[in-house]
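Structural overview
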Amino acid sequence: MTRYLLIALILSFVSSSAGAESVTMALSAERVGITSNFSGTEITVFGSIERDGSTVSRAADYDVVVVVKGPPVDVVTRKKERIFGVWINRNSRTFLSIPSFYALNSNRPPDDIAQSLALQTNQIGLENIIFPVATDSIEAPGNASEFAQAYRRLKANNDLFSMKTDGVEFLNKKLFKSHIRIPPRVPVGTYRVEVFIFVQGALLAHDEQTLWVSKAGFEQLVYDFSREQGLLFGAFAVLLAIFVGWFGGLVFRRE
Amino acid sequence: MLLGMGAAVGFISGLFGVGGGFLLTPLLIFTGIPPAVAVATVTSQTVASSTSGALSYWRKQAIDLKLASMLIAGGIVGSSLGVFVFRLLRDVGQLDLIISVSYLTFLSSIGILMLRESIRAMINSREGNRPPARMPGQHSWVLGLPMKMKFRRSKLYVSVMPVLGLGISIGFMGSVLGIGGGFIMVPALIYLLRVPTSIVIGTSLIYILVTMSVATVLHASTNQTVDVVLALCLMIGGVFGAQFGAQLGQKLRGEQLRALLGLLVLAVGMRFAVNLVLKPEELYSFSVLRLMIGSGG
């Protein structure tokens, strides 16, 4: 009897230390439609941190990190070098399955929130995004980090990679919200929105949701058509061209 | 903005009586549109700008259909080859470079030729000389090659080899660089094959229309770089601009016009040179090989 009680006690202790906190999240929109006059939009992430009754209240405040990752891409990054006075693409590095979009919002700089190991394993922060190099490529081996750095910089120039270390706002101690900017020219596809809750450097809870970014209306039609039916799309472009040319000739012949 | 650009180039093409692709493509590239998209899109625009011209020559029956079909046969081969090479260059990341270098050599040599010729003509007309008459009846060796064929409409009996060769090479250039090639085709037909001037323009327009149509379909299906919205803007702008350009063009004198065009072409060529030689602000670039739309990051 005492043995069962002991086990029950241990079990309750384990569960309370591992799953005391949980986070519930909601997005202001689960779909972003890119129309022809799309100039960017904003998605609000709401979150509520919950504690079961048995948890002791904590002295330290919660830290929140929200990460939005775009659909993964295989990318080749090239570097120009001067050869006989002309700038030519020379070395390159191919990366597999890296995010096409990355936005991080947190209530304070991630380096203050947790140790670098915890940030690295969860790919929190632009520097902690993993860049797997394609091994079967013919590219010369060597340092890939300058190419990864260049990719980050090029993406950041278009607001497609960003970090906002004051981007999470607490409504009260357990309720927070965060505005994620979706800039124009975002890649389409399935996005992942992740929320991490830390206290004093320890990851307490994690949740994620899917966000769909797709072209909408006429844009969607044209885009899908051009990707899936290239031949027909080309024929359509030709017919359109012939029509415009013919019509233009007709209009001006009258004058 | 794009409508304006189409109109400006259409204006120039109407003014000088050229297709305009060789100016429109560079212009698009300079405004930051990726060369691959610029080339493929202008290819479709070229179809629009050659249609109305081709139609009016068709009505006047100023076209040698047999000659045109031989040129087109070559053109289809050439442009298929061109689109294939285009794809290859894009995959190894050297497409932009090849486009720039080709435009540079090509525009500067043509610009210089035009300038020299027009300045000579201006000097001649000032001194009251008549331009030296071309020697008639002098046949080039290329026409004597085997596989002779009769082109009744053009009153020609020449080897098909130079005809096919011309079709192939201009089709190739057209699909790689996004130019119709009328401004090479016309002089080549006149001076090389000695096709009567009255038939040359219509025949060359039909050739451009068909070859560039094929190139557009191929670009769309293999490279997916035809931007139809951009193309439509350029087409509409081009069609309207060309009309006003043609009206003004009739008021200006030929030599001055050609000197002006020569300068313009040379300037665009030089711009490519500057871009190649100057240290770029950003040494790195990336291109997406595969976008995994379905699976979340």
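See the structure printed just above.
All of these numbers come straight from a predicted model, not from anything done at the bench. (Residues numbered from 1 in each chain as written. Chains lettered and ligands numbered in written order. Predicted model: local features only at pLDDT ≥ 70, side-chain atom pairs only at ≥ 80, totals over all residues.)

A short note on the overall build of chain B
Operational definition: Helix numbers and strand numbers start at the N terminus; a helix is a DSSP run of H or I with at least 4 residues, a strand a run of E with at least 2. Exposure classes come from backbone-placed C-beta atoms, where a residue is buried if 20 or more other C-beta atoms lie within 10 Å of its own, exposed if 12 or fewer do, and partly exposed in between. Once C-beta atoms are placed from the backbone, any two residues with those atoms within 7 Å are in contact.
A count of helical and extended segments in chain B gives 10 helices and 3 strands. Tracing chain B from N to C terminus, the helices and strands come up as α-α-α-α-α-β-β-α-α-α-α-α-β. Out of the 297 residues in chain B, the part that is buried amounts to 47%. Considering only residue pairs separated by 6 or more positions, chain B has 81% of its internal contacts joining residues 24 or more positions apart.

What about the environment of Val239(B)?
Looking at where Val239(B) falls in the secondary structure, it is placed in helix α9 (residues 228-249). Measuring from C-alpha to C-alpha, the distance between Val239(B) and Ser49(B) comes to 6.4 Å, with 190 residues separating the pair along the chain. Setting aside residues no more than four positions away along its own chain, Val239(B) makes contact with Val244(A), Gly245(A), Gly248(A), Gly10(B), Ala48(B) and Ser49(B).

Examining the packing of helix α6 (residues 160-177) of chain B against helix α8 (residues 197-223) of chain B
Residues and elements named next belong to chain B. Which entries qualify depends on this criterion: As a rule, the C-alpha atoms of each element are fitted with a line to give its axis, helices using only the stretch in contact, and angles between N-to-C directions run from 0 to 180 degrees. These descriptions rest on fixed angle ranges, namely under 35 degrees for roughly parallel, over 145 for roughly antiparallel, 65 to 115 for roughly perpendicular, and the rest for oblique. The hand of a helix crossing depends on one turn: near helix anticlockwise from the far one by less than a right angle means left-handed, and clockwise means right-handed. By the convention adopted, Pro, Cys, Tyr, Trp, Phe, Met, Ile, Leu, Val and Ala count as nonpolar, Lys, Arg, Asp and Glu as charged, and the other residues, Gly among them, as polar.
At their nearest, the axes of α6 and α8 sit 10 Å apart, and the two run at 45° to each other. Classified by the interaxial angle, the pair formed by α6 and α8 is oblique. In the packing of α6 onto α8, the handedness of the crossing is right-handed. For the pair α6 and α8, contact is made by Gly-171, Gly-174 and Ser-175 and by Thr-211, Met-212 and Ala-215, respectively. In the contact of α6 with α8, the residues fall into 2 nonpolar, 4 polar and no charged.

Some details on the sheet that holds strand β6 (residues 86-99) of chain A
Going by this rule: Pairs of strands are assigned from DSSP output, requiring at least two bridges between the strands.
Spatially, 3 strands are ordered β6(A)-β5(A)-β3(B) in an open sheet, and the strand pairing comes out antiparallel. Single-partner strands in this sheet number two, and they are β6 of chain A together with β3 (284-291) of chain B. Across this sheet, the average inter-strand angle for adjacent strands is 20°, counted without regard to direction.

As for helix α4 (residues 145-157) of chain A
Selection criterion: To estimate how far a helix should extend, the number of its residues minus one is multiplied by 1.5 Å. The directions considered for the arc run from the helix axis to the C-beta atoms.
For α4(A), with 13 residues, the first-to-last C-alpha span of 18 Å sits near the 18 Å given by 1.5 Å per residue. Taken together, the buried positions of α4(A) are occupied by Phe147(A), Tyr151(A) and Lys155(A). Down the axis of α4(A), the buried set is contained in an arc of 75°. They therefore lie on one face. What points out from α4(A), more than 90 degrees from its buried face, is the exposed set Ser145(A) and Asn157(A). Where α4(A) is buried, its residues touch β5 (72-83), β6 and β8 (161-164) of chain A together with β3 of chain B.

Regarding the sheet that holds β8(A)
All names here are of chain A. Strand order across the open sheet formed by 6 strands is β2-β12-β11-β4-β7-β8, with mixed pairing between neighbours. Each edge of the open sheet is held by one strand with a lone partner, namely β2 (31-34) and β8. Here the average twist between neighbouring strands, direction ignored, is 15°. Pairing analysis gives 4 bridges linking β2 to strand β12 (residues 202-215), with the strands arranged parallel. By the bridge assignment, Arg-31 is partnered in β12 with Trp-212.

Focus: the interface of chain A and chain B
Where interface size is given, it is often the accessible area lost as the parts come together that is meant. Counting residues at the interface gives 49 residues for chain A and 47 residues for chain B. Contributions of two or more residues to the side of chain A that touches chain B are made by β5, β6, α4, β11 (189-199), α5 (217-228) and α6 (230-254) of chain A. If one sorts the elements of the side of chain A that touches chain B by residue count, α6(A) sits on top with 16 residues. Across the side of chain A that touches chain B, the residue classes tally to 27 nonpolar, 15 polar and 7 charged. Pairing of β5(A) with β3(B), which is carried by 7 bridges, proceeds in the antiparallel orientation. Each bridged residue has a counterpart across the sheet, and for Val73(A) the counterpart in β3(B) is Leu291(B).

Some points on the environment of Arg51(A)
All names here are of chain A. Of note, Arg-51 is situated in strand β3 (residues 41-51). Looking at Arg-51, the number of C-beta atoms within 10 Å reads 16, which means it is partly exposed. Spatially, the C-alpha atoms of Arg-51 and Lys-174 are 9.3 Å apart, while their sequence positions differ by 123 residues. The residues touching Arg-51, leaving out its near neighbours within four places in the chain, are Ala-20 and Glu-21.

Things to note about helix α2 (residues 21-30) of chain B
Residues and elements named next belong to chain B. Within α2, 9 of the 10 residues are buried, which leaves it mostly tucked inside the rest of the structure. Within the sequence span of α2, burial applies to Gly-21, Phe-22, Leu-23, Leu-24, Thr-25, Pro-26, Leu-27, Leu-28 and Ile-29. The positive-phi residue at the C-terminal boundary of α2 is Gly-32, with phi of around 105°.

Observations concerning the environment of Val163(B)
Residue and element names in this part refer to chain B. Summarising the element assignment, Val-163 is placed in helix α6. Note on Val-163: 28 C-beta atoms within 10 Å, which makes it buried. Considered as a pair, Val-163 and Leu-189 are 26 residues apart in the sequence and their alpha carbons are 8.8 Å apart. Filtering out sequence-adjacent residues up to four positions away, Val-163 remains in contact with Leu-67, Met-70, Leu-71, Gly-74 and Leu-193.

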